[in-house]
Amino acid sequence: MDESIKKSIYDFFSLKDKVAVITGAGNGIGKATAKMMAELGAAVIACDIEKEPLKQTMLEIIEAGGSVEALTCDITQPVQVKSVIEQVQDMHGTIHILVNNGATMGGGKTVEKVDESEFNRLIDVNLRGVYRFIYEVLPIMRKQQYGKIVNVSSVAAIAGDMTDIHYSAAKGGVISMSKTLAKELAQEKINVNVVAPGLIKTRMMHEWEIEPALKRFHRIGEPEDVAATICFLASDAASYFSGQVLSPNGGEYMV
Ligand SMILES: NC(=O)c1ccc[n+]([C@@H]2O[C@H](COP(=O)([O-])OP(=O)(O)OC[C@H]3O[C@@H](n4cnc5c(N)ncnc54)[C@H](O)[C@@H]3O)[C@@H](O)[C@H]2O)c1
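Residues numbered from 1 in each chain as written. Predicted model: local features only at pLDDT ≥ 70, side-chain atom pairs only at ≥ 80, totals over all residues. Heavy atoms only, no water.

**Quick look at the packing of helix H4 (residues 78-92) against helix H5 (residues 116-144)**
Helix packing geometry: the angle between the two helix axes and the distance between the axes. Across the interface, H4 lies against H5 with an axial gap of 9 Å and an inter-helix angle of 30°. It follows that H4 is roughly parallel to H5 by the angle criterion. For the element pair H4 and H5, the recorded crossing hand is right-handed. Contact with H4, carried on its side by Pro78, Val81, Lys82, Val84, Ile85 and Gln89, involves Arg132, Phe133, Glu136, Val137 and Ile140 of H5 and no other residues of that element. (Axes fitted to C-alpha atoms, helices over the stretch in contact; angles between N-to-C directions. Helix = DSSP H or I, 4+ residues; strand = E, 2+ residues; numbered from the N terminus. Parallel < 35°, antiparallel > 145°, perpendicular 65-115°, else oblique. Left-handed = near helix turned anticlockwise from the far one by under 90°. Contact = heavy atoms within 4.5 Å.)

**What about the nonpolar core?**
The biggest cluster of nonpolar side chains holds 34 residues, and the ones touching the most others in it are Val21, Val84, Val88, Ile95, Leu98, Phe133 and Ile149. If you list the elements that add at least two residues to this core, you get strand E1 (19-22), strand E2 (43-48), H4, H5, helix H7 (165-185) and strand E6 (190-195). It is H5 that provides the largest number of residues to this core, a total of 11 residues. The residues contacting Phe133, other than those within four sequence positions of it, are Val21, Thr23, Cys73, Ile75, Val81, Val84, Ile85, Leu98 and Asn100. Listed in part, the 28 residues of the second largest apolar core include Met37, Val44, Ile200 and Phe232. (Core = buried A, V, L, I, M, F, W, Y, C linked by side-chain atoms within 4.5 Å. Buried < 20%, exposed > 50% of the residue type's maximum accessible area, 1.4 Å probe, protein only.)

**Some words on H4**
Here H4 spans 21 Å end to end across 15 residues, near enough to the 21 Å set by a 1.5 Å rise per residue. For H4, the full list of buried residues reads Val81, Val84, Ile85 and Val88. Buried residues in H4, looked at end-on, bunch into an arc of 90°, giving them a common side. Turned more than 90 degrees from where H4 packs its buried face, Val79 and Asp90 sit exposed. At its buried positions, H4 is contacted by E1, E2, strand E3 (67-72) and H5. With its phi angle positive at about 80°, Gly93 sits one or two positions after the end of H4. (Expected span 1.5 Å × (residues − 1). Arc of directions from axis to C-beta.)

**Quick look at the sheet that holds E3**
Read from one edge to the other, the open sheet built from 7 strands follows the order E3-E2-E1-E4-E5-E6-E7, with strand pairing classed as parallel. Unpaired on one side and paired on the other, E3 and strand E7 (245-246) mark the two borders of the sheet. Of the strand pairs in this sheet, E1 and E2 are connected by 4 bridges, and their pairing is parallel. Following the sheet pairing, Val21 is matched in E2 by Ile45. Along the sheet, helix H2 (residues 28-39) makes contact with E1, E2, E3 and strand E4 (97-100), crossing E1 at roughly 170°. Lying over the sheet, H7 contacts strand E5 (147-152), E6 and E7, oriented at roughly 160° with respect to E6. (Pairing = 2+ DSSP bridges.)

Pasting the structure below:
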């Protein structure tokens, strides 16, 4: 891309001087988002349960000249979530952007294989994990009357999937929770939006999904397709968006 065009796009979506916390930043979409946000000028706090991939994200951002800290965190553990937010407060004094991306997959389970413990396990990561981070970050955003929260859901939440009722239920909950929060926080200049990706080339994608998808669309989505949507919603360019669901899905599903 022409450097001057790239510069004007970067200026428009600039995240300069913003502090951004991103969960699930060790792999896939979260990693691409962390790298893109750092490139857009944000001070990135990359969180993940997996230490080695998280370290790799950090190294790649540092190599590219970005600002990053990596904090290991299991989003199912309230004490760890609280500690991450306290550490970020100590380091930066504030948080402007929260991206709730960390999640686990359903594993292609049909309903009879989703017993109550499996259902609860997935809800604990994919829905309660989102709630936990929002709960800890909100007092900071409220105090400064500024905040951008972007929660990652899925097309499975709006169009359903062939399996994994627990995954769809959790991702549906993410959308409902975000819409209510958007209304509750509208007067406080805190935007809450959702990105609901279609099929994206990460380890979460099943091999068997590729061929049928390629028959319908010209390509499979890349993590950067989702990262760009998240960065847009986290930027001031999207300050009139709240309670919205943007779905980078190549046309698989249309709202
Ligand atoms: N890949 C797709 O096709 C697709 C489609 C729709 C939605 N999504 C959503 O996109 C987001 C990113 O997924 P991805 O495709 O990049 O998959 P991924 O597995 O590459 O990334 C998910 C990240 O979340 C982390 N994570 C899992 N459990 C955690 C926990 N308890 N605490 C902290 N971190 C934890 C993982 O370690 C991993 O780094 C997820 O919310 C996922 O549900 C993905």
